[in-house]
Amino acid sequence: MAFWRRNTHIEKERHVKANAQEYNDKFSYADNRIKTSKYNIFTFLPINLFEQFQRVANAYFLVLLILQVIPEISSLSWFTTIVPLVLVLVITAVKDATDDYFRHKSDQQVNNRQSQVLIRESLQNEKWMNVRVGDIIRLENNQFVAADILLLCSSEPYGLCYIETAELDGETNLKVRQALTVTSDLKDITKLMDFDGEVICEPPNNKLDKFTGTLYWRDNKYPLDNEKMLLRGCVLRNTEWCFGMVIFAGLQTKLMQNCGRTTFKRTSIDKLMNTLVLWIFAFLICMGVVLAIGNTIWESWIGRNFQVFLPGEEFQSNAVFSGFLTFWSYIIILNTVVPISLYVSVEVLRLGHSYFINWDRKMFCRQTDTAAEARTTTLNEELGQVEFIFSDKTGTLTQNIMVFSKCSINGQTYGEGLRTLALAYKDLDEDDFEVWMKKLLFASTVIENREDHLAVLYEEIEQGLKKLLGATAIEDKLQEGVPETIACLNLADIKIWVLTGDKLETAMNIGYSCNMLRDDMNEVFVISGHTLLEVQQQLRSAKEHILGLSRVSSAGDVEKTDMFADDSVFEEAIIAEYALVINGHSLAHALEPQLEHILLDLACLCKTVICCRVTPLQKAQVVELVKRHKRAVTLAIGDGANDVSMIKTAHIGVGISGQEGMQAVLASDYSFAQFRYLQRLLLVHGRWSYFRMCNFLCYFFYKNFAFTLVHFWYGFFCGFSAQTVYDQWFITLFNIVYTSLPVLAMGLFDQDVNDQNSLRYPSLYKPGQQNLLFNKRQFFLCTLQGMGTSFLLFFIPYGAFSVMVKEDGSYFSDQQTFAVTIATSLVIVVSVQIGLDKHYWTAVNHLFIWGSLTVYFAILFAMQSDGIFGIFPSNFPFVGTALNCLSEKSVWLVILLTTVVCVVPGLAVSFLRVDLFPTLTDKVRHLQQAKKKEGPQEHNLRRVRRTSSRRSAYAFSHQQGYGELITSGKNMRMSTVSSAGSPGRTPHSSNWIENMLKRKNEVSCTSDESDNRAKQTPKQQVRA
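What you see is a predicted model, and the numbers here were worked out from it, not measured in a lab.

**Q** Would you explain the overall build of the chain in this entry?
**A** Counting its regular elements, the chain contains 38 helices and 27 strands. Looking at the 1024 residues of the chain, the share that counts as buried comes to 52%. A total of about 48700 Å² of accessible surface is found on the chain, and carbon and sulfur atoms cover 57% of it.

Structural data, given as structure tokens:
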């Protein structure tokens, strides 16, 4: 088949024959090679450049570069654009090449692993990538399974073997697999070579816990299920050897099917930047048109009178054509409203923010010696805008360490019952058993709906059990700080949904342990319908129950209920607390197009959402549903391969590293060892990154509009000739030397409040969710400020020079002196402005600001000196201008006046805003500064108390003594939505409920108390 053709055949069922390569090859099954890299040595350059020029800004600068090499329209040297453009392209290409190199290295490491394959009556070592479907391979103890294989036989009795599936499902306990009895004695090479069985099974899919197939051999058929399969990614344990037949290979294995499609993730700021670049380009064209029209008019009325003194080319005598050329000249001159250095600076900031995460010792887990890791540099500011968190349970919220706790044998209790397994018996009539076995054999060989048929038979045989022989119990404790972390994130208005494969009871138990479910909630809705109609009815009933009761309780009259006609508006008005629990079977129906909107509306009206018995695909579908219909940033966090699809689908993916393997970590954008570190990642690093990036962008656009638009005003006084105000060296160095380091320091180190207060006041996180710090309005305001500054920068010196005289009595009449005065004023103004915009000063900030001013004056005097003019007379025409200009006291007075007039209005507005309309951030900063003046105090983060009656930290049980609480049902109250209209419950009067409510009040007061303290003056706080 030609390489450009694809096999479009949809596989409905798979046919695999052992030791029959020619037979299997006709189906064109995937080989066992893994490829996660994007490029090779031949495709890297064209593909990478194509990807880079898909960014609007890069294409924009390429067009400018082409224009600059046309001498008739270019007023600037081509190197002012090509140097930064090439720098950006090279840096990005090197980064992409490095990333892809490591992907190649990882692919080769996996593909070149050795495996023993049965070839021509002997075992031969083959690389994993050469293993084919239908091959029989031998595995040895502690080896990774190379592909999805059917277990044929093993060194253990009865064809048993033991595997660890941590890479797949995050579970560290060993699992048992058993070969078919008919194949378990194929233990020597001769028998295995003669084995010619054929497997007919399901096509490749991502269901880790399900396999349906049938083995046809020697005129008999044998049912195959997941208990007879060893999946790629598993490790053989406590078993000397085993043989298996390859069913799925390479990208068609269940592990790779769960990896999901890798998509390029971009932040909302990136998307906004593309829009803003288009706006700026339109604005640039408008300015070019205005100036081109001005040139045409000027040439028609005045310019032709200068032909005697300045004869031009013949084509320039046409005023319209002159205006056309002037348009392109001004496009080149004014292009610095969006300098390419902006994108270089953004990448540097993101890299720095990533290192801050990696270096944070407060996110380092000493038990596992694992540090937090930012595995991407492009999503840091998005961490400050998260609204939805989708979390796995086992290994993410819990420790995933199963510990035997208690058991009961023959009525003797060695403890009260945690996650239990019961053992009972009953006597069976032999004839009845034979009939049941025939039904079981038939159901076991059915391809479609096999699980449903088997479930009916298992339910039938398990009826009427006579005696309970015993029970065992294990526990999986919650990780440290999980309830506190969830409570804190809830205060930050972040919604947390738990997506787990566990059964409903375990999932709800987790909810109570984590304080996501509480006894004082108004209702816990359980959606468990078996048909689409039942699920639709339950979802609608629950939604109507919430909206109906809330409207009755809060509206009071008909007119007020109209306010809540739109559910998206009504979400904000819900005061009561509801929870939604839905199982995987119902979720499959709820995710259908006709029901997904109802599901999403109901889920968003609830404080807590728990999805149980969900598949990896369903996890990703839930995340995709929220991404598609809510303008909200999503984060998925998990620990196993079953979480990979969810992690890749979300805007931000977080992998938990520890007991569970590395599949989730390898697919994630960020990783750490404990769930509790998510709180610091979002509320500290995420909020700081968003705050810094927004301030950086606002300031960058301000300074570049102030810098560039001076040319626009100057155009009206130079005959629209596209002459630049500044020396071209100043234009080249302004963004990459004179002003680059101060703005980078602000973007890297600035902070409005410290990390302790960021955690103490979770509500500080909300501006990021609402996208308040940088949006189209903020962009308009900062560019308006820049335009005003450019106007003042030009007209104050222009007006002053028209009336001023030098100390020797002569006038300031030369353009070069005017240019140096404006340039110096500009550098000082933007330096003062960034000093006023900073919230947090460090030694680096001081060094960069004062150092940049020093470097400016050093370069200015050096480039306008006699010495360098003597060496390069054509490149440095401003000889002696700086010395002559800046030695005049009147020039410094003009610079001082310009600086004051440019800075004071913005300073006054900022002062009045903080004084008259303070935000929560302003109040916390005031409190922080007041405490700093009072002297060093302890700033320990107040631990949020748990508000649930569940006092145990166990995921599956209470501590001893809570048996009555379990059996009473008080902590497992669930509402069937069919009774949604039932009257309210009578409040419980037990002491533990009262304590719980008391604790809840304490927690809810924490934020209010903090706000009140922030409003107080320092003296009031001291008195308090």
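**Q** I keep staring at the pattern of salt bridges and nothing clicks. Help me out?
**A** If charged atoms from side chains of opposite charge come close, those side chains can pair. Counted by the stated rule, this structure contains 27 salt bridges. Here lysine 393 makes a salt bridge to aspartate 502, at a shortest N to O gap of 2.7 Å. A residue pair is termed long-range when its members are at least 10 positions apart, and lysine 393 in the loop between strand S15 (386-391) and strand S16 (403-409) and aspartate 502 in the loop between strand S20 (495-499) and helix H14 (504-513) qualify at 109 residues. Judged by its relative accessible area of 0%, lysine 393 falls in the buried class. Residue aspartate 502 is classed as buried on the basis of its relative accessible area of 11%. Among the charged side chains, a salt-bridge network with shared partners connects Asp270, Glu347, Arg350 and Glu381.

**Q** In this structure, what is going on with the packing of aromatic side chains? I would like to understand it.
**A** What characterises a pair of aromatic rings is the spacing of the ring centres plus the angle enclosed by the ring planes. Going through the model one piece at a time under the given rule, you end up with 50 aromatic pairs. Between the aromatic rings of tyrosine 23 and phenylalanine 27, the centroid separation amounts to 5.5 Å while the plane-to-plane angle is 75°, which identifies the pairing as edge-to-face. Judged by centre distance (5.7 Å) and plane angle (70°), the rings of tryptophan 241 and phenylalanine 243 are edge-to-face. By relative accessible area, phenylalanine 243 is classed as buried at 2%. Grouped by ring-pair contacts, the aromatic residues Phe712, Trp713, Tyr714, Phe716, Phe717, Phe720, Phe791, Phe794, Phe795, Tyr798, Phe801 and Phe818 constitute a single cluster. Over the ring of phenylalanine 388 we find lysine 495; its NZ or CZ atom is 5.4 Å from the centre of that ring. Positioned above the aromatic ring of phenylalanine 700, the side-chain terminus of lysine 703 is 4.2 Å from the ring centre.

**Q** In this structure, what is going on with the environment of aspartate 25? I would like to understand it.
**A** Residue placement: aspartate 25 occurs in helix H1 (residues 21-25). Residue aspartate 25 is classed as partly exposed on the basis of its relative accessible area of 36%. Taking the C-alpha atoms as reference points, aspartate 25 and valine 133, separated by 108 residues in sequence, lie 8.5 Å from one another. Side chain to side chain, aspartate 25 and arginine 132 meet in a polar contact 3.0 Å long.

**Q** What should I look at first to understand helix H3 (residues 56-68) in this one?
**A** Taking 1.5 Å per residue, 13 residues should reach 18 Å; H3 reaches 19 Å between its end C-alpha atoms and fits that length. Listed as buried for H3 are Ala57, Asn58, Tyr60, Phe61, Leu64, Leu65, Leu67 and Gln68.

**Q** Got a minute to help me understand the environment of isoleucine 822 in this structure?
**A** Along the chain, the position of isoleucine 822 falls in helix H30 (residues 815-837). Residue classification places isoleucine 822 among the buried positions, given a relative accessible area of 0%. Along the sequence, isoleucine 822 and proline 797 sit 25 residues apart, while their C-alpha atoms lie 7.0 Å from each other. Look past the residues within four positions of isoleucine 822 in its chain and what remains in contact with it is Val710, Val725, Tyr726, Leu793, Phe794 and Pro797.

**Q** What should I look at first to understand the sheet that holds strand S7 (residues 175-178) in this one?
**A** The pairing of strands in a sheet comes from backbone hydrogen bonds and takes either a parallel or an antiparallel form. The three strands are arranged S7-S6-S12 in an open sheet whose pairing can be described as antiparallel. Whereas interior strands pair on both sides, the edge strands pair on one side only; in this sheet they are S7 and strand S12 (235-237). Averaged over all neighbouring strand pairs, the angle between strand axes comes to 45°, with direction disregarded. Across four bridges, strand S6 (residues 160-164) lies against S7 in antiparallel orientation. Looking across to S7, one finds that isoleucine 163 is bridged to lysine 175.

**Q** What's the story with unusual backbone geometry in this structure? I'm lost.
**A** Residues other than glycine predominantly adopt negative phi, and peptide bonds predominantly adopt the trans conformation. Positive phi, close to 65°, is recorded for glutamate 121, a residue that is not glycine. Considering the arrangement of structural elements, one finds glutamate 121 in the loop between strand S2 (114-119) and strand S3 (122-127). The backbone phi angle of tyrosine 158 is positive, close to 60°, even though this residue is not glycine. Note that tyrosine 158 resides in the loop between strand S5 (148-154) and S6.

**Q** Got a minute to help me understand a nonpolar patch on the surface in this structure?
**A** A cluster of nonpolar side chains, namely Val289, Ile293, Ile297, Trp301 and Ile302, defines an oily patch on the protein surface of about 500 Å² accessible area. Mapped onto the fold, valine 289 is located in helix H8 (residues 268-301).

**Q** I keep staring at empty space enclosed by the protein and nothing clicks. Help me out?
**A** Rolled over the atoms, a probe as big as a water molecule pinpoints where empty space is left. Taken as a whole and judged by the stated rule, the model has three cavities of 30 Å³ or more. In this structure, the largest cavity is lined by Tyr726, Asp727, Phe730, Tyr738, Ala819, Val820, Ala823, Tyr856, Leu860, Met863, Gln864 and Phe878. Counting residues per element, the ones that place at least two in the lining of the largest cavity are helix H25 (728-738), H30 and helix H31 (843-863).

**Q** Just to check I follow, could you spell out the nonpolar core for this structure?
**A** Across soluble globular proteins, you tend to see nonpolar side chains buried next to one another. The biggest cluster of nonpolar side chains holds 102 residues, and the ones touching the most others in it are Tyr726 and Phe730. Here this core gets 13 residues from one element, more than from any other, and that element is helix H23 (residues 677-708). Residue contacts for tyrosine 726: discarding those within four places in its chain leaves Ala706, Phe707, Val710, His711, Ile731, Ala819, Ile822, Ala823 and Leu826. Counting residues in hydrophobic clusters, the runner-up holds 53 residues, among them Leu397, Ala507, Ile510 and Val654.

**Q** How do you make sense of the sheet that holds strand S4 (residues 136-140) when you look at a structure like this?
**A** Across the sheet, six strands lie side by side as S3-S2-S4-S13-S5-S11; this open sheet has antiparallel pairing. Each edge of the sheet is formed by a strand with only one pairing partner; in this case those strands are S3 and strand S11 (229-230). As paired elements, S2 and S4 share two bridges and run antiparallel to each other. Residue pairing across strands places valine 117 opposite isoleucine 137, the latter belonging to S4.

**Q** Whenever I open this one, the confidence of the model for the chain confuses me. Can you help?
**A** Caution is warranted with low-pLDDT regions, since their predicted coordinates should not be read in detail. Chain-level pLDDT for the chain is 82 on average; 84% of the residues reach the 70-or-more range. Contacts for the low-pLDDT stretch residues 1-8, under 50 throughout, to residues beyond four places or in other chains number four contacts. pLDDT under 50 marks residues 939-1024. Its contacts with residues more than four places away, or in other chains, come to 155 contacts.

**Q** In this structure, what is going on with the packing of helix H10 (residues 341-359) against helix H26 (residues 740-749)? I would like to understand it.
**A** The geometry of a pair of packed helices is captured by two quantities: the angle between their axes and the separation between those axes. The N-to-C vectors of H10 and H26 enclose an angle of 35°; their axes lie 9 Å apart at closest approach. You can see that H10 and H26 cross each other, and the crossing is right-handed. Together, Ser345, Val348, Leu349, Gly352, His353 and Phe356 of H10 and Leu744, Gly747, Leu748 and Phe749 of H26 make up the contact between the two elements. Across the contact of H10 with H26, the residue classes tally to six nonpolar, four polar and no charged.

Scoring rules and cut-offs
Residues numbered from 1 in each chain as written. Predicted model: local features only at pLDDT ≥ 70, side-chain atom pairs only at ≥ 80, totals over all residues. Heavy atoms only, no water. Helix = DSSP H or I, 4+ residues; strand = E, 2+ residues; numbered from the N terminus. Buried < 20%, exposed > 50% of the residue type's maximum accessible area, 1.4 Å probe, protein only. Areas by Shrake-Rupley, 256 points an atom, 1.4 Å probe, with all protein chains shown as cover. Salt bridge = Lys/Arg side-chain N within 4 Å of Asp/Glu carboxyl O. Phe/Tyr/Trp six-rings, centres within 6.5 Å; stacked < 30°, edge-to-face > 60°. Lys NZ or Arg CZ within 6 Å of the ring centre and 35° of its normal. Polar contact = N/O pair within 3.5 Å; in protein donor to acceptor, adjacent residues only side chain to side chain. Expected span 1.5 Å × (residues − 1). Contact = heavy atoms within 4.5 Å. Pairing = 2+ DSSP bridges. Axes fitted to C-alpha atoms, helices over the stretch in contact; angles between N-to-C directions. Patch = residues over 30% accessible without salt bridge, like charges linked within 9 Å, V, L, I, M, F, W, Y side chains within 5 Å. 1 Å grid on protein atoms, 1.4 Å probe; cavity = no way out; pocket = protein on both sides within 12 Å on 5 of 7 lines; lining within 4 Å. Points joined across faces, edges and corners; volume = space filled by probe spheres on them. Core = buried A, V, L, I, M, F, W, Y, C linked by side-chain atoms within 4.5 Å. pLDDT = per-residue confidence, 0-100. Left-handed = near helix turned anticlockwise from the far one by under 90°. Nonpolar A, V, L, I, M, F, W, Y, C, P; charged D, E, K, R; others polar.

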